[in-house]
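Analysis of the macromolecular model
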Amino acid sequence: MITTVNKKKLYINGQWVEAAQYEELKSPYSLETIAHIPMATDDEVEAAIRTAYAAREEMAAIPAYKRAEMLEKLASLLNERSEEASQIIALEAAKPIKTARLEVARTVQTYKFAAEEAKRIGGEYIPTDAAPGGENRIAYTFREPVGVVAAITPFNFPMNLVAHKVGPALAAGNPVVLKPATQTPLSAYFLGELLHEVGLPQGAFNIVTGNGARVGDKLVTDERVKKISFTGSAAVGIGIRNKAGLKKVTLELGSNAAVIIDDNVELTEAVISRIVSGAFSFQGQVCISVQRIYVHESRYEELVEKLIAETKKLNLGNSLEEATDVSAMISPREVERSLQWIEEAKAAGAEVVTGGKAQDTILQPTILTNVHPSQKVSCQEVFAPIVSVVKVASMDEAIEQVNDSKYGLQAGIYTTNINTALNASKRLQVGGVVINDIPTYRVDHFPYGGVKESGVGREGLKYAIEEMTELKLVIINQN
């Protein structure tokens, strides 16, 4: 039972500001009201942008070691309050508490990586005499902060995906306006409390919550905002890019991530549990959840049988309970949408071998077979605890089917043949190939991003910083 319902405030210019409008925030699991959330008006978004813009020169002037110290302090504060942070995620997102703890631990590491990279933002010496007329000249490059960064973040990793935008932005000396997902603003407010203690310049970090179209459009179109970093759906991301003009834009969009199982792979308990975890962790609401499994026909029946057995071990329930593996989807509307997609697949010949039903706000982990590639559960981003198992006759066929998609974020392949692995790594049309593991594997300092409708640009601290800075060339004539 929810006993306390807090009324939150916007965070603008280093102050907690009462908003003009509020809406209720409900628990995805119990549907109880858990907070009252500000719905920022145009004037309030304008104030956030204005104060961030005013802070840009002071932020840019902070030495690298001081930026690193601030981020280290942030990581330390978050680590000290990690259980509180985990409880917030479990409450507002219905992420099982043990999964939420893993996210908070990763978030601490992400800010530590940001602190380290703050001291590594460099340039290069360029040999001028490589071209005629370059004699007795010196040329070098360095990076400058781009200016105001707008971070627009999703619900599924409400702390770590925020960290992947806020961390590199602050490391590079940029002020930030954060617009978190409407369902998961409490994590952002918690971050605001921590950053309030860190000692950032006034206005360097701002939080505006509210309607995505209203707040997002203002951030995307305002000329004072120089960089947009967005994680979310392909449709919204494409709209952002169309409106952003000449702003720098990083888009981390959707996926229907696949894993390939070669005929030489031993289907051990470790492999099976790993695939099940990749498919159903946080109810499948992960951009690189295992959505499609392509398995050689000689291992198909064994794989399906073992996947069913492992999936039935998962515990469904309240996200705040320690034993829970799968809890509520982010909204009842998403449960209904997922059930419709399952029914459409069944009507086209697919078979539900386990799951396929809802228990109140929880969708049972679902495994489908005989799925036609044109069905939504295969060709679109399902973002639900639904996985399709597809029989293939060869690795060539599997790779072709993985590539037959408008998405291309990450893919995995299990094989004992090094040539097969290397061939797949070249041919798979994705941003990242994970060999002998699921596509859901991600470490926070790796470059992360996709091709096709999975987005543009890369996250991962070093790579995000490159996209949040401008490269400047200096030439000195010694003649």
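As a reminder, the structure under discussion sits directly above these lines.
Nothing here was measured: the structure is a model prediction, and the numbers come from that model.

Rules behind the numbers
Residues numbered from 1 in each chain as written. Predicted model: local features only at pLDDT ≥ 70, side-chain atom pairs only at ≥ 80, totals over all residues. Heavy atoms only, no water. Helix = DSSP H or I, 4+ residues; strand = E, 2+ residues; numbered from the N terminus. Rg over C-alpha atoms; globule rule 2.2 N^0.38 Å. Contact = heavy atoms within 4.5 Å. 1 Å grid on protein atoms, 1.4 Å probe; cavity = no way out; pocket = protein on both sides within 12 Å on 5 of 7 lines; lining within 4 Å. Points joined across faces, edges and corners; volume = space filled by probe spheres on them. Nonpolar A, V, L, I, M, F, W, Y, C, P; charged D, E, K, R; others polar. Core = buried A, V, L, I, M, F, W, Y, C linked by side-chain atoms within 4.5 Å. Buried < 20%, exposed > 50% of the residue type's maximum accessible area, 1.4 Å probe, protein only. Phe/Tyr/Trp six-rings, centres within 6.5 Å; stacked < 30°, edge-to-face > 60°. Polar contact = N/O pair within 3.5 Å; in protein donor to acceptor, adjacent residues only side chain to side chain. Pairing = 2+ DSSP bridges.

**Quick word on the overall build of the protein**
- Scanning the protein for helices and strands turns up 16 helices and 23 strands.
- Computed over its C-alpha atoms, the radius of gyration of the protein comes to 23 Å, within 12% of the 23 Å expected for a compact globule of 479 residues.
- Reported as C-alpha extents along the three principal axes, the dimensions of the protein are approximately 75 × 65 × 40 Å.
- Sequence separation of 24 or more characterises 73% of the internal contacts of the protein that already satisfy a separation of 6 or more.

**A few points about the layout of surface pockets**
- Empty space within the largest pocket amounts to approximately 1200 Å³.
- Among the secondary structure elements, those contributing two or more residues to the lining of the largest pocket are α8 (212-221), β11 (225-231), α9 (234-243) and α12 (332-347).
- Taken together, the residues of the lining of the largest pocket sort by class into 22 nonpolar, 14 polar and 10 charged.
- Roughly 730 Å³ of volume is contained in the second largest pocket.
- Secondary structure elements with two or more residues in the lining of the second largest pocket: α5 (97-118), α6 (160-171) and α10 (269-280).

**A short note on the nonpolar core**
- The biggest cluster of nonpolar side chains holds 52 residues, and the ones touching the most others in it are Leu78, Tyr111, Val166, Leu195 and Phe205.
- Top element by residues in this core is helix α7 (residues 186-198). It accounts for 8 residues.
- Residues within four places of Val166 in sequence aside, it is in contact with Tyr111, Val176, Leu191, Leu195 and Phe205.
- Counting 27 residues, the second-largest nonpolar core is a separate cluster that includes Val45, Ala52, Ala150 and Val220.

**Details of the packing of aromatic side chains**
- All told, the structure shown has 7 aromatic pairs when counted by the stated rule.
- Look at Tyr11 and Phe205: their rings are 6.3 Å apart centre to centre, the planes differ by 45°, and that puts the pair in the tilted class. Pair noted here: Tyr11 is in strand β2 (residues 10-12) and Phe205 is in strand β10 (residues 205-207), with a separation of 194 residues, a long-range link.
- For Tyr11, a relative accessible area of 5% translates into the label buried.

**Quick look at the environment of Ile413**
- By secondary structure assignment, the location of Ile413 is in strand β20 (residues 410-414).
- Between the C-alpha atoms of Ile413 and Ile152, which are 261 residues apart in sequence, the distance is 32 Å.
- Sequence-distant contacts of Ile413, that is, excluding residues within four places in its chain, are made with Val259, Ile260, Met395, Thr420, Ala424, Val434, Ile435, Asn436 and Asp437.

**Side note on the side chain of Lys165**
- With respect to the element layout, Lys165 can be found in helix α6.
- Residue class for Lys165 comes out buried when judged on its relative accessible area of 0%.
- Of note is the side chain of Lys165, whose polar atom sits 3.0 Å from the side chain of Ser229.
- With near-sequence residues (within four places) excluded, Lys165 lies in contact with Ala151, Ile152, Thr153, Ser229, Phe230, Thr231, Glu459 and Met468.

**So, the sheet that holds strand β7 (residues 137-145)**
- If you walk across this open sheet you meet the 3 strands as β6-β7-β23, and the pairing is antiparallel. Edge strands, defined here as strands with exactly one partner in the open sheet, are β6 (125-126) and β23 (469-477).

**Some remarks on the environment of Val295**
- With respect to the helices, strands and loops of the structure, Val295 is situated in strand β14 (residues 292-296).
- With relative accessibility at 0%, the residue Val295 sits in the buried group.
- Sequence-wise, Val295 and Pro447 are 152 residues apart; in three dimensions their C-alpha atoms are separated by 28 Å.
- Ignoring any residue separated from it by four or fewer positions in sequence, one finds Val295 in contact with Ile261, Tyr300, Leu303, Val389, Val390, Lys391 and Val392.

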